[in-house]
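If you want the building blocks of each chain, they are given just below.
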Amino acid sequence: MNALGELIPATLDRIRHDLVGLKMPRALEALDQIVRRLEHAEISALEAIDILLSEELTLRENSRIKTALRMGRLSTIKTLAGFDFSFQPSLDRDRILTLAQLGFVDRHEVVHLLGPPGTGKSHLAIALGVEAIKAGKSVYFCTLAELLAQLARAEREERLLKRLAFFRRLALLVVDEIGYLPVVPGGGNLFFQLVATRYERGAMVLTSNRSFAEWGDVFGDPVVATALLDRLLHHAIVIQIEGSSYRLRQHAELMPEHVRFKAIINPPIAMPTPRPRGRPPKNRYAHPGT
Ligand code: ADP
Ligand code: MG
């Protein structure tokens, strides 16, 4: 055996030892195969280093994403790739893909996804959350009912400010299902405190089956609804989906007609410039409940 042949096992042992010390389990696992490819001259030394490091980095990145998805409560993973835009022709695909570039997160804007049930609002909201997590942003997903329950509990336990501080620090907060359930008494005030604390500090994605004109009913208080919309429409992107339910696509013919065609919800009220004060408009755009 020549000198080099004796050196390599010793060097390899030292590399293994170092990879353990550096807590690089994936690189350690991949080492033998990389060395074999190197010996067979399939890859260069530089490529070997590159592969070793990127194996470890990929593992770390995947586990970071997994943890962030769990912490952010994004349990059912939906992706933009898994969204069939051809099913929802009213939706501007390029607009959604632009949102996925996450400029709105950096600009602390509010994205409203509006539309009847089953049109993909939650799917898109989750998909945007997943994109933001992949980009390293802090994200939290909840329904409005869950959010209000958390805030009410924190208030009862005299730690509301702490909970609000948690929400303030997030780069992106997704609040799903505004309008499906009536807001509990006091809920509007709590939501207002949350919105005020994040105003111009962090981005939000909100989904709703109700038009803005109905928020007075949703929150049981037109004054709170106006104050909420004042902030939530200031730096806002409103996306209206006007289509039929993806959930019911195979059973459309079984649905009663009033359900099939009730779908289209009314256009949002005009964006306020300058920001409106005082009482909200009467339910000009109200429509039979969805
Ligand atoms: P919404 O929140 O508007 O009620 P969801 O986003 O929950 O609707 O969509 C209902 C179900 O249909 C989900 O499983 C979602 O992934 C799926 N879905 C909705 N729209 C589409 C679409 N255009 N392409 C693929 N899946 C869709
Ligand atoms: Mg939904």
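A brief look at the structure comes next.

Turning our attention to the overall build of the protein chain. Looking only at helices and strands, the protein chain has twelve helices and five strands in total. Across the 290 residues in the protein chain, those meeting the buried criterion constitute 42%. A fraction of 79% describes how many contacts in the protein chain between residues 6 or more apart in sequence connect residues 24 or more apart. Carbon and sulfur atoms make up 56% of the accessible area of the protein chain, which totals about 16,300 Å².

Right, let's talk about helix 8 (residues 160-169) for a bit. Looking at helix 8, one finds that the buried residues are Leu160, Leu164, Ala165 and Phe167. Projection of helix 8 onto a plane perpendicular to its axis shows the buried side chains occupying an angular sector of 165 degrees, all on one side. Set apart from the buried face of helix 8 by more than 90 degrees, the exposed residues are Lys162 and Arg169. Structurally, helix 8 contributes buried residues whose contacts are with strand 2 (139-143), helix 7 (144-156), strand 3 (172-178) and helix 9 (187-198).

Taken together, the side chains of Leu46, Ile49 and Leu53 present a nonpolar region at the surface, about 330 Å² in accessible area. Position of Leu53 relative to the elements: it lies in helix 3 (residues 45-71). On the accessibility criterion, Leu53 (46% relative accessible area) is partly exposed.

Once that is clear, we can look at the pairing of strand 1 (residues 110-114). Among the five residues in strand 1, five count as buried, and that is most of the element. Covered by surrounding structure in strand 1 are Val110, His112 and Leu114 together with Val111 and Leu113, the residues of both alternating faces. In this sheet, strand 4 (residues 203-208) lies alongside strand 1 in parallel orientation, the contact comprising five bridges. Pairing of Val110 across the sheet is with Met204, part of strand 4.

Here we take up the pairing of strand 2. In terms of burial, strand 2 is a largely internal element, five of the five residues being buried. Of the two faces of strand 2, the one carrying Val139, Phe141 and Thr143 and the one carrying Tyr140 and Cys142 are both buried.

Taken together, 15 residues are adjacent to ligand 1, and Asp84, Gly118, Lys121, Ser122 and His123 come closest. At 2.7 Å from a nitrogen atom of ligand 1 is found a main-chain nitrogen or oxygen belonging to Asp84. The separation between an oxygen atom of ligand 1 and a polar side-chain atom of Arg247 is 3.0 Å. Burial of ligand 1 by the protein amounts to 87% of the accessible area it has alone, namely 560 Å².

Conventions and cut-offs
Residues numbered from 1 in each chain as written. Chains lettered and ligands numbered in written order. Predicted model: local features only at pLDDT ≥ 70, side-chain atom pairs only at ≥ 80, totals over all residues. Heavy atoms only, no water. Helix = DSSP H or I, 4+ residues; strand = E, 2+ residues; numbered from the N terminus. Buried < 20%, exposed > 50% of the residue type's maximum accessible area, 1.4 Å probe, protein only. Contact = heavy atoms within 4.5 Å. Areas by Shrake-Rupley, 256 points an atom, 1.4 Å probe, with all protein chains shown as cover. Arc of directions from axis to C-beta. Patch = residues over 30% accessible without salt bridge, like charges linked within 9 Å, V, L, I, M, F, W, Y side chains within 5 Å. Salt bridge = Lys/Arg side-chain N within 4 Å of Asp/Glu carboxyl O. Pairing = 2+ DSSP bridges. Near = heavy atom within 4 Å. Polar contact = N/O pair within 3.5 Å; in protein donor to acceptor, adjacent residues only side chain to side chain.

So yeah, pure geometry; function would need other evidence.
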